Amino acid sequence: MAEITLVEAVSMALAHEIAHDPDVVILGEDVGINGGVFRATAGLQQRFGDDRVIDTPLAEAMIAGIAIGMATQGMKPVAEAQFMGFIYPMIDQIICHAARLRNRTRGRMSVPMVLRAPYGGGIHAPEHHSESTEALFAHMPGVRVVIPSSPSRAYGLLLAAIRNPDPVIFLEPKRIYRLYKEEVTDDGEDLPLDMCFVLRDGGDVTLVTWGAMTKETLEAADALTEQGISAEVIDVATIKPLDMDTILESVKKTGRCVIIHEAARTCGVGAEIAAQLAEKGLYDLHAPVQRVTGYDTIMPLYKIEKKYMPSTARILKAVNDVMEMS
Amino acid sequence: MKTIASFEIKYYQFLDEHGKPVIENMPALASDLDQLTQLYKTMTQVRIFDDKAIKLQRTGKLGTYASSLGHEAIHVGMGSAMKHEDVLAPMYREYGAMMCRGVKMSEILTYWGGNEEGSNFSGPAHDYPICVPIATQCMLASGSAMAFKLRKQPRVAVTIVGDGGSSKGDFLEALNAAGAWQLPVVFVIANNQWAISVPRKKQSGAQTLAQKGLAAGLPSVQVDGNDIVAVRWAMDTAIKRAREGKGASVIECITYRLSDHTTADDASRYRPTDEVEDAWKLEPLIRLKAYLKDQGVWSDDQQTELETECASAVEDAVTEYMNTPIPAITEMFDHMYDELPHDLAQQRAFALETENG
Ligand SMILES: Cc1ncc(C[n+]2csc(CCOP(=O)(O)OP(=O)(O)O)c2C)c(N)n1
Ligand SMILES: [Mg+2]
């Protein structure tokens with residue numbers, strides 16, 4: 001069993017599915033001989049050929065549309081947007097077709113495609129390369145939105161995404177692509193697509209997050225332990241459909257909740273979680289739910305991008321506020 | 001059966017790779033040696049700037065940087081053909097064009113150094129900043145041209161897209177709009193043979209990229225993009241046409257991306273080195289220098305002097321860049337709207353408070 005990074009786990013899952021399912025095809029810009037700008041498809045074209053791993057012309061709307069066309073005719077395309085910042089021309093095809101063909105045709109057609117994109121800030125990338133706009137996709141009826149936060153979850157969730165008969169937007173937190181390694185067995189075992197993962201048990205406060213922010217959140221949980229506060233950490237993983245049961249159960253135990261996301265604050269996925277807590281968990285809460293988020297600004301260029309992103313200190317402050325309020 | 005339309009794409013080159021005129025009747029620019037010398041100086045300045053920027057990136061003093069190496073004739077050809085009141089909508093490596101427009105080297109470094117202040121540059125206030133989302137700038141150019149047309153201003157929008165970008169709807173839609181409305185815009189295609197790792201032949205089944213302009217009803221030519229005389233001739237023709245209200249044009253400039261795609265790329269993974277070596281023989285500075293020497297207006301001493309001057313200007317720019325203050329946290333809020341909305345004002349106050357502990 002090998003220790004691998006998150007991006008290597010993505011690669012391993014892709015290779016596994018291409019090898020085991022002749023309908024799986026990868027397409028995107030520079031996914032072929034270059035192996036993707038983050039090396040997520042490194043070696044795959046050499047291994048599986050250029051009709052399984054296809055370099056496309058530079059046109060995102062086309063990539064999405066071609067994938068949808070292929071998917072509706074029985075293939076299982078895994079399309080790549082090189083960065084989330086370039087995914088927007090694809091939204092037309094996703095909303096107009098991928099998300100609704102099943103419903104429009106009363107189930108006669110379906111769109112078993114995956115759209116992968118690296119996202120998020122913190123790697124000193126150029127303009128347009130650092131935003132977190134997962135909420136845009138979570139707002140679209142008819143798609144699933146999945147965000148892994150560890151190598152093993154990347155492997156299992158990507159397998160599940162490819163096998164899922166509906167369109168899945170699979171967003172990869174690039175800041176933690178190579179942050180740490182984990183043992184992942186290439187056993188083809190997928191993970192459920194409708195479930196949060198409890199990363200750490202705790203009794204005093206529930207910290208809810210996903211993607212790269214799991215790093216700062218776990219760091220905050222460590223620091224809280226030293227303060228004598230026991231934090232439960234939940235990685236939402238699939239932000240749509242949202243597994244509120246796990247979150248509600250945790251809040252029932254802790255009575256406190258802080259939601260952490262890198263994305264802009266207004267109408268972020270944190271707002272949905274907070275709303276559902278208000279609807280279904282209000283009487284379990286000892287204090288108002290708090291959010292630690294990016295600001296409602298354009299993600300700044302890299303000189304001050306760190307100031308935009310929620311820090312461990314900001315998470316600790318929010319938790320301490322919540323503890324004081326109750 | 002009858003032919004109802006037929007088309008051709010002409011290719012123009014005036015100076016060959018050795019700097020020799022390829023025809024007798026050269027464009028006027030070929031005998032304007034003062035201007036050619038000036039263009040050569042600007043191209044050299046860009047080349048030396050570019051080399052320094054890569055070194056800054058390699059030593060951790062600059063973020064990811066997109067080199068303009070090999071594209072100097074296209075960029076300087078574009079920028080130098082424009083009037084101040086015209087509008088430039090660049091992509092992300094046209095430093096030669098931006099510098100002709102008055103953008104300072106320090107400002108270009110500030111941009112790639114991760115500071116928005118670099119886009120608040122000394123060039124014309126109506127020029128667009130660097131544009132990363134491929135081909136989207138083409139729409140801005142057509143939109144600008146629409147404004148010029150409706151307001152009856154004799155101004156021209158100039159934009160540039162790569163061979164890769166020419167596959168994107170934004171480019172094709174911008175061309176179509178310009179053709180449908182006879183807009184005063186010039187579309188330059190910098191065909192440098194590669195879109196990161198994707199070669200030109202995988203980008204499009206079309207024999208030339210220029211012919212995409214024909215489909216929009218635009219006069220379209222292909223030129224040797226390493227020959228500034230050809231680039232300028234095509235630019236001058238297209239800009240004049242646009243300014244006279246006769247509509248848009250497309251100029252496909254054939255060149256080669258001599259560098260990695262950006263400093264974040266390693267082209268040796270996907271590109272044969274002999275191809276790059278061959279391309280070096282065609283690069284734009286060698287031939288222009290040879291031509292100027294043949295004309296008796298350039299010497300090795302002048303070359304040495306120029307290089308020293310350019311290097312010193314670059315050093316000054318680097319100093320200015322390195323002394324540019326890191327933006328305050330408030331900067332990310334203060335330029336979002338004309339007037340800061342109340343909710344953002346609260347977030348701004350919170351950000352300041354948390355930053356100060
Ligand atoms: C819409 C969009 N998709 C993808 C990218 C990532 N990307 C940046 S440059 C590039 C290749 C561009 O090639 P080309 O248009 O030929 O221009 P060149 O870089 O060669 O000058 C890609 C895919 C992007 N910036 N924007
Ligand atoms: Mg190119």
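Residues numbered from 1 in each chain as written. Chains lettered and ligands numbered in written order. Predicted model: local features only at pLDDT ≥ 70, side-chain atom pairs only at ≥ 80, totals over all residues. Heavy atoms only, no water.

### Some words on the interface of chain A and chain B
(1) Moving on: Each side of the interface is counted separately: chain A has 34 residues, and chain B has 41 residues.
(2) Moving on: Three residues, A:Leu58, A:Tyr295 and A:Lys303, lead the burial of chain A against chain B; their summed loss comes to 20% of the area buried on that side.
(3) Moving on: There are 2 salt bridges connecting chain A and chain B.
(4) Moving on: As a salt-bridge pair, A:Lys307 and B:Glu355 come within 2.7 Å of each other at their nearest N and O atoms. (Contact = heavy atoms within 4.5 Å. Buried area = accessible area lost by both parts, 1.4 Å probe. Salt bridge = Lys/Arg side-chain N within 4 Å of Asp/Glu carboxyl O.)

### As for the site of ligand 1
(1) Moving on: A:Glu60, B:Tyr92, B:Arg93, B:Asp163 and B:Gly165 are the nearest of the 21 residues found near ligand 1.
(2) Moving on: One chain alone does not account for the residues near ligand 1; they come from chains A and B.
(3) Moving on: At 2.9 Å from an oxygen atom of ligand 1 is found a side-chain nitrogen or oxygen belonging to B:Asn192.
(4) Moving on: Between B:Trp194 and ligand 1, the recorded distance is 2.8 Å, taken from a backbone N or O atom to an oxygen atom.
(5) Moving on: Protein contact buries 97% of the 570 Å² of open area that ligand 1 shows by itself.
(6) Moving on: Among the residues forming the shell around ligand 1, the class breakdown is 10 nonpolar, 6 polar and 5 charged. (Near = heavy atom within 4 Å. Polar contact = N/O pair within 3.5 Å; in protein donor to acceptor, adjacent residues only side chain to side chain. Areas by Shrake-Rupley, 256 points an atom, 1.4 Å probe, with all protein chains shown as cover. Nonpolar A, V, L, I, M, F, W, Y, C, P; charged D, E, K, R; others polar.)

### Description of the domain arrangement of chain A
Residue and element names in this part refer to chain A.
(1) Moving on: Under the domain assignment used here, chain A contains domain 1 (2–184) and domain 2 (197–325).
(2) Moving on: For domain 1 and domain 2, the distance between their C-alpha centres works out to 26 Å.
(3) Moving on: Counting residues at the interface gives 30 residues for domain 1, matched by 26 residues for domain 2.
(4) Moving on: Buried surface at the junction of domain 1 and domain 2, summed over both partners, amounts to about 2,200 Å²; 59% is from carbon and sulfur atoms. (Domains from an automatic or database assignment.)

### Describing the domain arrangement of chain B
(1) Moving on: Domains assigned within chain B are domain 1 (10–326) and domain 2 (328–357).
(2) Moving on: Centre-to-centre separation of domain 1 of chain B and domain 2 of chain B, based on C-alpha positions: 37 Å.

### A word on the pattern of salt bridges
(1) Moving on: One pass over the structure, following the stated rule, counts 34 salt bridges over all chains.
(2) Moving on: Ionic pairing is found between A:Glu219 and A:Lys215, a salt bridge with its closest N-O pair at 3.1 Å. Here the residue A:Glu219 and the residue A:Lys215 both occupy positions in helix H8 (residues 213–226), the gap between them amounting to 4 residues, near one helical turn.
(3) Moving on: The partly exposed category is assigned to A:Glu219, whose relative accessible area is 33%.
(4) Moving on: Across the pair B:Arg232 and B:Asp236 runs a salt bridge, and its minimum N-O distance is 3.1 Å. Of this pair, B:Arg232 and B:Asp236 are both found in helix H9 (residues 228–243), 4 residues apart, which corresponds to roughly one turn of the helix.
(5) Moving on: For B:Arg232, a relative accessible area of 8% gives the class buried.
(6) Moving on: What emerges from the salt-bridge pattern is a single network uniting A:Arg175, A:Lys215, A:Glu216, A:Glu219 and A:Glu262. (Helix = DSSP H or I, 4+ residues; strand = E, 2+ residues; numbered from the N terminus. Buried < 20%, exposed > 50% of the residue type's maximum accessible area, 1.4 Å probe, protein only.)

### Let's talk about the sheet that holds strand E11 (residues 231–235) of chain A
Residues and elements named next belong to chain A.
(1) Moving on: In spatial order, the strands read E9-E11-E10-E13-E14; together these 5 strands make up an open sheet with mixed pairing. Because the sheet does not close on itself, it has two edges, and the strands there are strand E9 (197–200) and strand E14 (290–294). Put simply, the sheet's adjacent strands are angled 25° from each other on average, direction ignored.
(2) Moving on: Across 5 bridges, the pairing between strand E13 (residues 257–264) and E14 is parallel. Each bridged residue has a counterpart across the sheet, and for valine 258 the counterpart in E14 is glutamine 290. (Pairing = 2+ DSSP bridges. Axes fitted to C-alpha atoms, helices over the stretch in contact; angles between N-to-C directions.)

### Thoughts on the packing of helix H1 (residues 33–58) of chain B against helix H12 (residues 300–322) of chain B
Residue and element names in this part refer to chain B.
(1) Moving on: Contact geometry of H1 with H12 gives a least axis separation of 9 Å together with a crossing angle of 50°. On the basis of the axis angle, H1 is oblique to H12. Classified by chirality, the crossing of H12 by H1 is right-handed. Between H1 and H12, the residues in contact are Tyr40, Lys41, Thr44, Gln45, Ile48, Phe49, Lys52 and Leu56 and Gln303, Leu306, Glu307, Cys310, Ala311, Ala313, Val314, Glu315 and Val318, respectively.
(2) Moving on: Partitioning the contact of H1 with H12 into residue classes produces 10 nonpolar, 3 polar and 4 charged. (Parallel < 35°, antiparallel > 145°, perpendicular 65-115°, else oblique. Left-handed = near helix turned anticlockwise from the far one by under 90°.)

### Comments concerning the confidence of the model for chain B
(1) Moving on: Residue-level pLDDT values for chain B average 98, and 100% of them are 70 or greater.
(2) Moving on: The ipTM value of the predicted complex is 0.97, and its pTM value is 0.97. (pLDDT = per-residue confidence, 0-100.)

### Some points on the coordination of the magnesium ion (ligand 2)
All names here are of chain B.
(1) Moving on: Protein ligation of the magnesium ion (ligand 2) involves Asp163 (OD), Asn192 (OD1) and Trp194 (O), the donor distances falling in the range 2.0 to 2.1 Å.
(2) Moving on: Counting the intervening residues between successive donors of the magnesium ion (ligand 2) yields the motif D-x28-N-x1-W. Here the residue aspartate 163 occupies a position in the loop between strand E3 (157–162) and helix H6 (169–181), and tryptophan 194 occupies one in strand E5 (residues 194–195), the gap between them amounting to 31 residues. Each of the two residues, aspartate 163 as well as tryptophan 194, counts as buried. (Donors = N, O, S within 2.8 Å, 3.2 Å for Na, K, Ca; no water.)

### Thoughts on the side chain of B:Arg200
Residue and element names in this part refer to chain B.
(1) Moving on: Following the sequence through the fold, arginine 200 ends up in helix H7 (residues 200–203).
(2) Moving on: For the buried arginine 200, no salt bridge is present, and the opposite-charge side chain at shortest range is glutamate 252, 4.8 Å distant.
(3) Moving on: In terms of polar contacts, arginine 200 uses its side chain to reach the backbone carbonyl oxygen of serine 204, at 3.2 Å.
(4) Moving on: A distance of 2.6 Å separates a polar side-chain atom of arginine 200 from the backbone oxygen of alanine 206.
(5) Moving on: Each residue touching arginine 200, except ones within four places of it in the same chain, is listed here: Asp163, Asn191, Gln193, Ala206, Gln207, Thr208 and Leu209. (Lys, Arg positive; Asp, Glu negative; His and termini not counted.)

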